[in-house]
Amino acid sequence: MSRGDFDIVVVGAGIAGSALALALRGSGWSVALVEAGPAARPELPAERGLLDFDRRVVALNPRSRRFLQDLGAWSAVADYRCCPYRHMTVWDGDGTACVEFDASETGGEELGVIVENRALVSALLEALAGQRDLAWLAPETVSDIRPGGPGWQLQLASGRRLEAALVVAADGALSPLRELAGFPTREWDYGHRAIVATVELDGPHGDTAWQRFSDTGPLALLPLPGSGERHFCSIVWSQREARAAELLALDDEAFRRALEAACEGRPAGIVACSPRVGFPLRQRHARDYVQPGLALVADAAHTIHPLAGQGLNLGLQDVAVLAAELQRAQRRGLAPGDLAVLRRYQRQRKGENLLMMAAMEGFKRLFEAPEPPVRWLRNSGMRLFQRATPLKQQVMHRAMGL
Ligand SMILES: Cc1cc2nc3c(=O)[nH]c(=O)nc-3n(C[C@H](O)[C@H](O)[C@H](O)COP(=O)(O)OP(=O)(O)OC[C@H]3O[C@@H](n4cnc5c(N)ncnc54)[C@H](O)[C@@H]3O)c2cc1C
């Protein structure tokens, strides 16, 4: 046991930080979870109308779902609502090629599941409630960090100070902690803004996720649970900045028409859209995820284009690996902030994260290329890919985290 207020302080109780605190349950380390937002769990509307869904949703792969099941946080999500998707249709909006994925090709029942972000946070915080070895500090904002005590001293905006042997930054893409601690990052603008909204369809979505690629950016339609004869999807429409600004400025009916035209009849007609929100997209990767007594996880360590829905899936794997290494350190009598312990985490995660980021960048560039030969090759490649069963299965297994 290290001296100081806590062995481990996790900063940020989004999905990654809450999952880490939960994964450290019973580890023998004393843990504090510090969150700048409200202390109460997010409210979850029972109704299923256009305006009742969280506009932020994630496509979780089976590996992430299993991890949340192991943490004891999945049943609350499933009891509330989520939507498995069993098929996926990907097509080239500037050509005619189309690739279909089906869960049966992987021997599984589903390719993944669509979950509202606030349902995940709520389930994780519910599972954390009453955890005896956890201090829940919210709303509290970390405003500074400096060496002190057994590792680091955190200054909170309320005036309180905390000492910890290990501080984990799970404070999101803009990670104030990463900046305060001086972790260098490599980053660039994708030049895209993601427009997210909930849409109502005039027919069932058939548990299918759709993805249309075009030279101005990808459009994803992700199935949501329906209500009687009402059918919903969440959209993530990434477009170049100028086009995204135009789309965000349209009135609701004009936006609905623009979206319907972009969907090219897949899935069904769009009858209504919720208000939209735009997220600027930036690729970011911390050169190192660790320093003595400090670690970055999930979006604080890396952000990636949402085109293949992998950001949080990678982040949850960071959490699973870091928690396993910290449990191992406890058994071996090592301090949680020991650099050798933290480096084992970094070694296991950096390669996979970088590989996925490179793949997403390649995809984005391939579909942005305006040259006719590249377009022709892309279209032909997609057709070949659709028929190349072993290759397709390999890609599906990787995306599903199998
Ligand atoms: C449009 C879009 C679509 C996406 N779709 C998918 C998808 O389909 N599948 C997928 O896997 N991923 C997806 N992602 C990525 C996914 O949303 C993120 O990876 C994930 O939400 C990051 O979670 P996090 O816990 O790391 O960060 P956050 O959710 O940002 O949580 C950070 C927390 O830290 C707190 N905090 C910040 N600063 C401080 C401070 N100084 N002191 C205390 N607390 C602080 C914040 O209040 C917040 O609660 C998508 C992303 C976008 C933008």
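Please read these numbers as outputs of a predicted model, since none were measured by experiment. (Residues numbered from 1 in each chain as written. Predicted model: local features only at pLDDT ≥ 70, side-chain atom pairs only at ≥ 80, totals over all residues.)

Engineer: Quick one: what's the story with the overall build of the chain, residue by residue and with numbers?
Structural biologist: If you tally the helices and strands in the chain, you get eleven helices and 20 strands. The C-alpha radius of gyration computed for the chain amounts to 22 Å, which stays within 12% of the reference 21 Å derived for 402 residues, consistent with globular compactness. Here the C-alpha coordinates of the chain stretch approximately 65 × 45 × 40 Å along the principal axes. Counting all 402 residues of the chain, 46% fall into the buried class. Put simply, of all contacts in the chain between residues at least 6 apart along the chain, 74% involve residues at least 24 apart. (Helix = DSSP H or I, 4+ residues; strand = E, 2+ residues; numbered from the N terminus. Rg over C-alpha atoms; globule rule 2.2 N^0.38 Å. Buried ≥ 20, exposed ≤ 12 C-beta atoms within 10 Å, placed from the backbone. Contact = placed C-beta atoms within 7 Å.)

Engineer: Explain the site of the ligand to me, and be specific about the residues and the numbers.
Structural biologist: Near the ligand lie 32 residues; those nearest to it are Gly-12, Gly-14, Gly-172, Gly-309 and Gly-311. Where the shell around the ligand is concerned, the elements lending two or more residues are α1 (15-23), β3 (57-60), β12 (185-201) and α8 (311-331). Class assignment for the residues of the shell around the ligand results in 18 nonpolar, eleven polar and three charged. (Near = placed C-beta within 6 Å. Nonpolar A, V, L, I, M, F, W, Y, C, P; charged D, E, K, R; others polar.)

Engineer: For the packing of α1 against α8, give the residues involved together with the corresponding values.
Structural biologist: In contact at an axis separation of 9 Å, α1 and α8 are set at 25° when each is read in the N-to-C sense. Our classification of the angle between α1 and α8 gives roughly parallel. For α1 against α8, the interelement crossing comes out right-handed. Of the residues in α8, those in contact with Ile-15, Ala-16, Ala-19, Leu-20 and Ala-23 of α1 are Leu-312, Gly-315, Leu-316, Val-319, Ala-320, Leu-322 and Ala-323. Among the residues making up the contact of α1 with α8, the classes are represented as eleven nonpolar, one polar and no charged. (Axes fitted to C-alpha atoms, helices over the stretch in contact; angles between N-to-C directions. Parallel < 35°, antiparallel > 145°, perpendicular 65-115°, else oblique. Left-handed = near helix turned anticlockwise from the far one by under 90°.)

Engineer: An account of the sheet that holds β3 is requested, with residue identities and associated values reported.
Structural biologist: Judged by pairing direction, the sheet is antiparallel, and its three strands sit side by side in the order β3-β7-β4 without closing on themselves. Edge strands, defined here as strands with exactly one partner in the open sheet, are β3 and β4 (83-85). Neighbour-to-neighbour, the strand axes of this sheet turn through a mean angle of 25°, independent of strand direction. Running at roughly 85° to strand β7 (residues 112-116), helix α4 (residues 117-128) makes contact with β3 and β7 of the sheet. (Pairing = 2+ DSSP bridges.)

Engineer: Help me get a handle on the nonpolar core, residues and values and all.
Structural biologist: One finds Leu-20 and Val-297 to be the most contacted residues of the largest nonpolar core, which totals 113 residues. Val-297 has contacts with Ala-16, Leu-20, Val-168, Ala-170, Gly-315, Asp-318, Val-319 and Leu-322, leaving out every residue within four places of it along the chain. (Core = buried A, V, L, I, M, F, W, Y, C linked by C-beta atoms within 7 Å.)

Engineer: How would you sum up unusual backbone geometry? Please name residues and give values.
Structural biologist: Cis peptide bonds are those with omega within 30 degrees of zero, and the linkage from Ala-138 to Pro-139 qualifies with -5°. Note on placement: Pro-139 falls in the loop between β8 (134-137) and β9 (142-148). Phi is positive for Asp-207, which is not a glycine, with a value near 50°. Tracing the sequence through the fold places Asp-207 in the loop between β12 and β13 (208-213). Judged by C-beta crowding, with 16 C-beta atoms within 10 Å, Asp-207 ranks as partly exposed. In the Ramachandran plot, Ala-298 falls in the positive-phi region, its phi being about 55° despite a non-glycine side chain. Structurally, Ala-298 can be placed in the loop between β19 (294-296) and β20 (302-303). The exposure class assigned to Ala-298 is buried, which follows from the 31 C-beta atoms found within 10 Å.

Engineer: Could you give me a rundown of the pairing of strand β17 (residues 277-286), with the residues and numbers involved?
Structural biologist: Sheet topology note: the β12/β17 ladder contains ten bridges and is antiparallel. Opposite His-192, over in β17, you have Leu-281 as the bridge partner. Here β17 runs beside β20; their pairing, made up of two bridges, is antiparallel. Along β20, the bridge assignment pairs His-285 with His-302.

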